[in-house]
Amino acid sequence: MNELSNGMIIGLIIGNVILIAALSFGISRLLYNNYIKQQKNKATDLIQTAEEKAKEVELEARAKSLKISQETDAEIARRRMDLSREEERLQKRRTELDGRMDRLEQRESALNKRQSVIDKRANELEKKFEQQVLELQRIAQMSMEDAHNELLAVAEKEAQADMARIIRQIEAEARAEGEKRAREIITDAIQRVASEHVGEVTTSVVPLPNEEMKGRIVGRNGRNIRAFEQEAGVDVIVDDTPEAVTISCFDSVRREIARRSLERLILDGRIHPAYIEKVLAEETREMERDLQEAGEQAAYDAGVAGLHPEIIKKLGRLKYRTSYGQNQLAHSVETAKLAVVMASELGADVEVARAGGLLHDIGKAMDHNVEGTHAAIGAEFCKRHGVNVAVVNVISSHHHETEQESVEAVIVEAADAISGARPGARREDLEQYIKRLKALEEIANSYKGVSQSYAIQAGREVRIMVKPEDIDDLASTRLARDIAKKVEETMQYPGQIKVTVIRETRAVDYAK
């Protein structure tokens, strides 16, 4: 009984399981079929949507294609029309060119005919000209070449006369206008600068309190004077001059140091080699300070700033340098001021003219130690210490040793001449003055055709009388320039020298 109940239970369970399984399969099958049906519906919808979009794209593409086709047809039609018009224009131009070619051929044919006639007439004229030339040569008894040379000589003589007349006319006009303007500028510059200083001369004569001081300066067996000369680098001349000794040295600064030292030794009274050496060393240091101060003061007076300390020091050395009795430092400052006034009047670079005028003679502070002219030495020194290139050219060219590259160089040259040539600026002794006058007259008399020459106005002008039969008007102009050039090359002189050539013809007859 129990076994039967267990078998029934198992059978029921198995039947339930089978039933559940069948139900589950049926439900799963139903769900699957529903899912498949849904997916098919979605696929169908997507296909329909895609077909609709494809149709829309196709329609849009067809519309665009149609539009492009229409635009293309329109462009082709326009270009065909343009080509047609261009072809018509070219055809018309071709027709015109053909007409021109025909006309040119006709003209060329006519010109060829006229050229033939002209050539024929030219040949006839040439033959007639040759016949006339031969006839003229027969009549004049002169060859063609001789006649040609005679005509050239006459033409050259007339051209020279015209040239001399034109030169004189231009020079007269330029002189009238230029002298007026230059006189105004120079007068204004001199009045505005109005230099108050006079030519300062560095003396080398030291006064003594008594004659016994000469013996103390010389010392036992000359030991004091030898020590002084050796240490100072100067020569001390003890002669018969009462209560004075003379110090001689080519270096003005060393001479000034020696003069100060000797005056201090004389005032102190202690004169022996050791003390001489000490005093000279102290005065040398004092002189260095004085040179620096003098250079700075000169730069300040001239209005030039930013100079190298070495340039300032060399500039200060010019305080003890003179030229024809004129103090060179004062001359440099005066030149700078004159150059500034003239540069401002002429519209030139005032600063270049100012610096060039102040530094133009700086080479004179070194020319006793360095070989070369003071212009070249000064230019090289300033270039080495950073001075402007334009100012360096002003320095090197103020005596025409190099080419003047700017109007400021000409202005500084003129200012230098004005400062040196103004009344009272410079002086020279009688012997040099006489030698200069004789040299002027000798230079003038050395030229052919000069009858007499006279140096006048203290050597600032030379007047030359020429023989009128040997020197014509044109030759007189050339002679004045040649003599002026030779004077510049061979002589040293302050300011400028005027060369005047006088040619006159005199007719003399007697009443009997």
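Before any of the text, the structure's been laid out above.
Residues numbered from 1 in each chain as written. Predicted model: local features only at pLDDT ≥ 70, side-chain atom pairs only at ≥ 80, totals over all residues. Heavy atoms only, no water.

Trainee: Please clarify how the nonpolar core should be interpreted in this entry.
Mentor: Burial of nonpolar side chains together is a common tendency in soluble globular proteins. Core analysis: the largest hydrophobic core is formed by 40 residues, its most contacted members being Leu-307, Ile-311, Leu-315, Leu-358, Leu-359, Cys-382 and Val-387. Residue assignment for this core shows that the elements contributing at least two residues are α6 (273-302), α7 (309-317), α8 (328-346), α9 (350-359), α10 (374-384), α11 (389-397) and α12 (407-421). Sort the elements by how many residues they give to this core and α8 lands first, with 7 residues. Listed in part, the 26 residues of the second largest apolar core include Leu-208, Cys-249, Val-253 and Leu-291. (Core = buried A, V, L, I, M, F, W, Y, C linked by side-chain atoms within 4.5 Å. Buried < 20%, exposed > 50% of the residue type's maximum accessible area, 1.4 Å probe, protein only. Helix = DSSP H or I, 4+ residues; strand = E, 2+ residues; numbered from the N terminus.)

Trainee: For this particular structure, what's the right way to read the packing of aromatic side chains?
Mentor: Centre-to-centre distance and the angle between the planes together describe a pair of aromatic rings. Counted according to the given criterion, the structure contains 0 aromatic pairs. Taking the ring centre of Tyr-275 as reference, the NZ or CZ of Arg-270 above it sits at 4.3 Å. (Phe/Tyr/Trp six-rings, centres within 6.5 Å; stacked < 30°, edge-to-face > 60°. Lys NZ or Arg CZ within 6 Å of the ring centre and 35° of its normal.)

Trainee: Would you mind showing me how to read the pattern of salt bridges here?
Mentor: Pairing is possible between side chains of opposite charge, provided their charged atoms come close. What the rule picks out here adds up to 20 salt bridges. In this structure, Asp-290 and Arg-260 form a salt bridge, with 2.5 Å as the shortest nitrogen-oxygen distance. Of the two residues, Asp-290 is situated in helix α6 and Arg-260 in helix α5 (residues 252-268); the sequence distance between them amounts to 30 residues. In this structure, Asp-290 and Arg-260 share a single accessibility class: buried. (Salt bridge = Lys/Arg side-chain N within 4 Å of Asp/Glu carboxyl O.)

Trainee: Just checking my understanding: could you explain the packing of helix α4 (residues 223-232) against α6 for this structure?
Mentor: A pair of packed helices is captured by two measures, namely the crossing angle of their axes and the spacing between those axes. Packing of α4 against α6 leaves a shortest axis separation of 9 Å and a crossing angle of 25°. In terms of orientation, α4 and α6 fall into the roughly parallel class. Seen from above, α4 lies across α6 with right-handed handedness. Seen from α4, the contacting residues are Arg-223, Asn-224, Ala-227, Phe-228, Glu-231 and Ala-232; seen from α6, they are Pro-273, Ile-276, Glu-277 and Leu-280. Residues that form the contact of α4 with α6 fall into these classes: 6 nonpolar, 1 polar and 3 charged. (Axes fitted to C-alpha atoms, helices over the stretch in contact; angles between N-to-C directions. Parallel < 35°, antiparallel > 145°, perpendicular 65-115°, else oblique. Left-handed = near helix turned anticlockwise from the far one by under 90°. Contact = heavy atoms within 4.5 Å. Nonpolar A, V, L, I, M, F, W, Y, C, P; charged D, E, K, R; others polar.)

Trainee: Help me understand α5 in this model?
Mentor: Helical periodicity: at 3.6 residues per turn, an α-helix aligns residues three or four positions apart in one direction. Between its terminal C-alpha atoms α5 stretches 24 Å, which fits the 24 Å expected from 17 residues at 1.5 Å a residue. Most of α5 is tucked away, with 12 of its 17 residues classed as buried. Three or more residues of α5 are buried, namely Ser-252, Val-253, Arg-255, Glu-256, Ile-257, Ala-258, Arg-259, Arg-260, Ser-261, Leu-262, Leu-265 and Ile-266. Where α5 is buried, its residues contact β1 (205-207), α3 (212-218), α4, β3 (244-248), α6 and α7. Backbone geometry just downstream of α5 places Gly-269 in the positive-phi region, at approximately 95°. (Expected span 1.5 Å × (residues − 1).)

Trainee: Quick question: what am I supposed to make of empty space enclosed by the protein here?
Mentor: Over the atoms, a rolling probe the size of a water molecule traces out where space has been left empty. Under the criterion given, the structure shown has 1 cavity of 30 Å³ or more. Size it by volume and the largest cavity reaches roughly 40 Å³. In terms of residue count, α4 provides more of the lining of the largest cavity than any other element does, 3 residues in total. Taken together, the residues of the lining of the largest cavity break down into 7 nonpolar, 1 polar and no charged. (1 Å grid on protein atoms, 1.4 Å probe; cavity = no way out; pocket = protein on both sides within 12 Å on 5 of 7 lines; lining within 4 Å. Points joined across faces, edges and corners; volume = space filled by probe spheres on them.)

Trainee: Help me understand the side chain of His-360 in this model?
Mentor: Along the chain, the position of His-360 falls in the loop between α9 and α10. Within polar-contact distance, the side chain of His-360 engages the side chain of Asp-416 at 3.3 Å. Ignoring sequence-local partners within four residues, the contact set of His-360 consists of His-331, Ser-332, Thr-335, His-374, Ile-395, His-398, Val-412 and Asp-416. (Polar contact = N/O pair within 3.5 Å; in protein donor to acceptor, adjacent residues only side chain to side chain.)

Trainee: Just to check I follow, could you spell out the sheet that holds strand β2 (residues 235-237) for this structure?
Mentor: Strand pairing within a sheet occurs via backbone hydrogen bonds; the two strands may be parallel or antiparallel. Read across the open sheet, the 3 strands follow the order β1-β3-β2; overall the sheet is antiparallel. Lying at the two open borders of the sheet, with one neighbouring strand each, are β1 and β2. Sheet twist, expressed as the mean angle between neighbouring strand axes with direction ignored, is 25°. Sheet analysis places β1 next to β3, joined by 3 bridges and oriented antiparallel. (Pairing = 2+ DSSP bridges.)

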